[in-house]
Amino acid sequence: MVKSNRNLTLHTDLYEINMIETYWRQRIANRKAVFELYFRKLPFKNGYAVFAGLARVIAYLEQLKFTNDDLDYLKKIGYRADFLNYLAQYQFSATVRSVPEGEIVFANEPLIQVEGNIVDAQLVETAFLNFVNYQTLIATKAARIKTVAGDDQLLEFGSRRAQETDAAIWGARAAYISGFDATSNVKAGEKFGIPVSGTHAHSLVQAFGSDYAAFKAYVATHRNSVFLVDTYDTLQSGVPAAIKVAKEFKNQTNFLGVRIDSGDMAALSKQVRHQLDQAGFWYAKIYASNDLDERTILNLKMQDAKIDVWGVGTKLITSFDQPALGGVYKMVAMEDAHGHMRGTLKLSNNAGKISTPGKKQIWRITRKDDDKFMGDYIATTAEDPRTAGQIELFDPEHPYMNKIIRDFEARPLLREVFHHGKLADAPLSVEKIRRYAATELHRLWPEYKRQLNPQEYPVHLSRELYQQKIALIKRIRKAL
Ligand SMILES: Nc1ncnc2c1ncn2[C@@H]1O[C@H](COP(=O)(O)OP(=O)(O)OP(=O)(O)O)[C@@H](O)[C@H]1O
Ligand SMILES: O=P(O)(O)OC[C@H]1O[C@H](OP(=O)(O)OP(=O)(O)O)[C@H](O)[C@@H]1O
Ligand SMILES: O=C(O)c1cccnc1
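Under the annotation held in an unreviewed UniProt entry, the protein chain carries the name Nicotinate phosphoribosyltransferase and is attributed to Lactiplantibacillus plajomi. Under the Catalytic activity (unreviewed entry) heading, UniProt states for the protein chain: "5-phospho-alpha-D-ribose 1-diphosphate + nicotinate + ATP + H2O = nicotinate beta-D-ribonucleotide + ADP + phosphate + diphosphate". Under Function (unreviewed entry), UniProt gives the following word-for-word description of the protein chain: "Catalyzes the first step in the biosynthesis of NAD from nicotinic acid, the ATP-dependent synthesis of beta-nicotinate D-ribonucleotide from nicotinate and 5-phospho-D-ribose 1-phosphate."

Caption draft 1: Representation of the site of ligand 1. With respect to spatial proximity, the complete set of residues near ligand 1 consists of Asp-261, Ser-262, Gly-263, Asp-264, Met-265, Ala-266, Asn-290, Asp-291, Leu-292, Leu-300 and Gln-303. Taking Asp-264, its side chain carries an N or O atom lying 2.8 Å from a nitrogen atom of ligand 1. Taken together, the residues that form the shell around ligand 1 break down as four nonpolar, four polar and three charged.

Caption draft 2: Structural context of unusual backbone geometry. In this structure, Glu-164 takes a positive phi of about 75° despite not being glycine. As for its position among the elements, Glu-164 is in helix α7 (residues 164-177). On the accessibility criterion, Glu-164 (60% relative accessible area) is exposed. For Asn-453, which is not glycine, the phi dihedral falls at a positive 45°. For Asn-453, the position within the fold is in the loop between α17 (446-449) and β21 (459-461).

Caption draft 3: Quick peek at the site of ligand 2. The local shell around ligand 2 consists of Phe-157, Arg-160, Arg-161, Arg-259, Asp-261, Ser-289, Asn-290, Asp-291, Leu-292, Val-312, Gly-313 and Thr-314. Measuring from an oxygen atom of ligand 2, one finds a side-chain N or O atom of Asp-261 at 2.7 Å. Its free accessible area being 470 Å², ligand 2 has 72% of it covered by the protein chains. Judged by its atoms lying within 2 Å of the grid points, ligand 2 is housed in the second largest pocket.

Caption draft 4: Region of the structure containing the nonpolar core. Counting residues in each nonpolar core, the largest one holds 73 residues, and the members touching the most others are Phe-215, Phe-227, Phe-255, Leu-276, Trp-310, Val-312 and Leu-444. Broken down by element, this core gets its largest block of residues, nine residues, from α7. If sequence neighbours within four positions are ignored, Val-312 has contacts with Ile-145, Leu-154, Leu-155, Glu-156, Phe-157, Gly-158, Phe-180, Leu-292 and Ile-297. Counting 61 residues, the second largest nonpolar core, distinct from the first, contains Tyr-23, Leu-61, Phe-92 and Val-132.

Caption draft 5: Just the packing of helix α1 (residues 14-25) against helix α4 (residues 81-89), in detail. The geometry of α1 relative to α4 is characterised by a closest axis approach of 11 Å and an angle of 100° between their N-to-C directions. The angle between α1 and α4 places the two elements in the roughly perpendicular class. Listed contacts from α4 to Ile-17, Ile-20, Glu-21, Trp-24 and Arg-25 of α1 are Asp-82, Phe-83, Tyr-86 and Leu-87.

Caption draft 6: Geometry of the sheet that holds strand β20 (residues 422-423). Spatially, β13-β12-β1-β5-β3-β19-β20 is the arrangement adopted by the seven strands of the open sheet, whose pairing is antiparallel. Every interior strand has two partners, whereas the edge strands, β13 (341-343) and β20, have only one. In terms of strand pairing, strand β1 (residues 32-38) meets strand β5 (residues 112-117) through six bridges, oriented antiparallel. Paired with Val-34 across the two strands is Glu-115, which belongs to β5. Contacts between helix α6 (residues 125-149) and the sheet are confined to β1, β3 (95-98), β5 and β12 (328-335), with β12 contributing the most and set at about 140° to the helix.

Caption draft 7: Structural view of the side chain of Ser-462. In this structure, Ser-462 sits in the loop between β21 and α18 (463-479). Side-chain polar atoms of Ser-462 contact the backbone nitrogen of Leu-465, separated by 3.1 Å. Sequence-distant contacts of Ser-462, that is, excluding residues within four places in its chain, are made with Tyr-377, Ile-378, Ala-379, Thr-380, Glu-383 and Phe-394.

Caption draft 8: Structural detail: empty space enclosed by the protein. Going through the model one piece at a time under the given rule, you end up with one cavity of 30 Å³ or more. Ser-4, Arg-6, Leu-8, Arg-56, Ala-59 and Tyr-60 are the residues that line the largest cavity. The residue inventory of the lining of the largest cavity, partitioned by class, reads three nonpolar, one polar and two charged.

Caption draft 9: Structural detail: the environment of Lys-216. Along the polypeptide, Lys-216 turns up in helix α10 (residues 211-221). Once the C-alpha coordinates of Lys-216 and Val-245 are considered, the two residues, 29 residues apart in sequence, prove to be 6.0 Å apart.

Caption draft 10: Geometry of the packing of aromatic side chains. The tally for this structure, following the rule as stated, stands at 18 aromatic pairs. Both rings, one in Phe-106 and one in Tyr-457, keep their centres 3.8 Å apart while their planes meet at 10°; by these two values the pair is stacked. Highlighted residues: Phe-106 in the loop between β4 (104-105) and β5 and Tyr-457 in the loop between α17 and β21, separated in sequence by 351 residues. Its relative accessible area of 2% is what places Phe-106 among the buried residues. Overall, the relative accessible area of 4% leaves Tyr-457 in the buried class. Each ring, one from Trp-170 and one from Phe-192, has its centre 4.8 Å from the other, and the planes form 65°; the classification is edge-to-face. Placement of the pair is Trp-170 in helix α7 and Phe-192 in helix α8 (residues 186-192), with a sequence separation of 22 residues. For Phe-192, a relative accessible area of 9% corresponds to the buried category. Three or more aromatic residues link up through ring pairs in this structure, and these residues are Phe-215, Phe-227, Phe-255, Phe-281, Trp-282 and Tyr-283.

Caption draft 11: Structural view of the packing of helix α3 (residues 68-76) against α4. Contact geometry of α3 with α4 gives a least axis separation of 10 Å together with a crossing angle of 160°. The orientation of α3 relative to α4 falls into the category roughly antiparallel. Crossing handedness for the pair α3 and α4: right-handed. Where α3 approaches α4, its residues Leu-71, Leu-74 and Lys-75 are matched on the opposing element by Leu-84, Leu-87 and Ala-88. Looking at side-chain class alone, the contact of α3 with α4 contains five nonpolar, no polar and one charged residues.

Caption draft 12: Highlighting the pairing of β5. For β5, the tally of buried residues reaches five of six residues, placing the bulk of the element in the interior. Sheet topology places β3 next to β5; four bridges connect them, and they run antiparallel. Directly across from Thr-95, in β5, lies its bridge partner Glu-115.

Rules of the game
Residues numbered from 1 in each chain as written. Chains lettered and ligands numbered in written order. Predicted model: local features only at pLDDT ≥ 70, side-chain atom pairs only at ≥ 80, totals over all residues. Heavy atoms only, no water. UniProt positions renumbered as here; feature names shortened; annotations may be inferred. Near = heavy atom within 4 Å. Polar contact = N/O pair within 3.5 Å; in protein donor to acceptor, adjacent residues only side chain to side chain. Nonpolar A, V, L, I, M, F, W, Y, C, P; charged D, E, K, R; others polar. Helix = DSSP H or I, 4+ residues; strand = E, 2+ residues; numbered from the N terminus. Buried < 20%, exposed > 50% of the residue type's maximum accessible area, 1.4 Å probe, protein only. Areas by Shrake-Rupley, 256 points an atom, 1.4 Å probe, with all protein chains shown as cover. 1 Å grid on protein atoms, 1.4 Å probe; cavity = no way out; pocket = protein on both sides within 12 Å on 5 of 7 lines; lining within 4 Å. Sits in = over half its atoms within 2 Å of the grid points. Core = buried A, V, L, I, M, F, W, Y, C linked by side-chain atoms within 4.5 Å. Contact = heavy atoms within 4.5 Å. Axes fitted to C-alpha atoms, helices over the stretch in contact; angles between N-to-C directions. Parallel < 35°, antiparallel > 145°, perpendicular 65-115°, else oblique. Pairing = 2+ DSSP bridges. Points joined across faces, edges and corners; volume = space filled by probe spheres on them. Phe/Tyr/Trp six-rings, centres within 6.5 Å; stacked < 30°, edge-to-face > 60°. Left-handed = near helix turned anticlockwise from the far one by under 90°.

Okay, here's the thing in structure tokens:
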């Protein structure tokens, strides 16, 4: 389990604490509420997303309490003593359900659901969104890169360009979940037990004045070596020096390959491959790095570049082509003054922004014969499609377009991770999460996985849920 000794209770927007104060002063702090986290639009115009961030959510919840330092600060910014006393006693006691990390997910599906008193549910909003939005974004970007890299090795090199420490470390983990093979970030290796890997920088060559002197010095101190060959001249100096050192020190070094970091990497890699093969190093691998992403990798492959290992930094860790995932966290039910749970929603002029009321479950519907995903079915928690024998899939935007399916398996995706404030189950290891993500992605049809203009994966509401939503919209509009 990922440990975190950092208490992040104040890692929240001020308005959450202000709302909590209102709930408490208005004596509704103990009312039950249900909130759900989801995003409305897939990132990168991709056909799916890879859910990540749950390990950090769990580590955060395990530490959630207002410390004396936190309370001192809140006092300093103006909160009164009686409210601070309430916060000092605060203990998280909600039930949290989540889809597993590594799950393949889609727009408008509840990914995390918090059921508890309204204070619990309100307090965690900002932190949950912060963790899940970033990590899901990076896991999804990494999955896109993995799709084009296939079985080639992928190394995560982004730390120097990440938006500060946490992004580098948790981004490395998200990339690993989606199929990257290792990270260059040593802290991420230590913290999560994921493989670390690396070559060397231009400075090593500069420090020793020549490729040959630098590579020789490196093999004197390290068993495995990958030489960066483009500091002065890749074909004239770098690769010949790598070959010379590999030959001269063959008993001392395990020559793994060379790295190219500039120039036309299709043309260069072919020439480098030829030089290595001619010298008998057919097994030495060619590493490439330099502003790579899924587009450049795909292009280089189309040019038949002889690259075996891809080092990807900036474009992955900063999610260069889309800097944010727009996940939101909305109240879907609230206990009324008589103790009844009532569905709630947020109305909007934009139909896509109207939330769906009520506590829900996502059912992944798969075909019995080949296990492939047929679609997702979002239903009220009172419904269980497994006992129904058949389900009606219909598109809420075109309710007349419906389809009855019978031969299916249905699997609930939201599972309890916290039960009344206590960890419900030991979190999965990152290795298991990574394997799970790969298996699940394999079960998604290629038309949803292609990078360009993927098909829209069917996410259906049950008729019951849809009718509840329409009825509530009508009720609210009438009251207005
Ligand atoms: N054959 C290729 N086809 C498509 N893109 C390539 C090819 N070779 C390199 N690239 C990409 O083109 C971009 C710019 O490469 P460029 O040749 O300008 O780098 P460079 O200027 O040689 O390197 P640096 O600025 O780091 O010294 C990089 O993103 C690189 O990955
Ligand atoms: O290009 P990225 O995908 O971010 O991969 C990481 C980059 O970091 C290193 O470069 P460095 O910071 O030394 O700068 P430079 O190679 O651009 O000069 C490395 O040589 C890669 O080029
Ligand atoms: O190990 C490497 O080659 C490496 C690590 C970080 C950034 N660029 C390259």
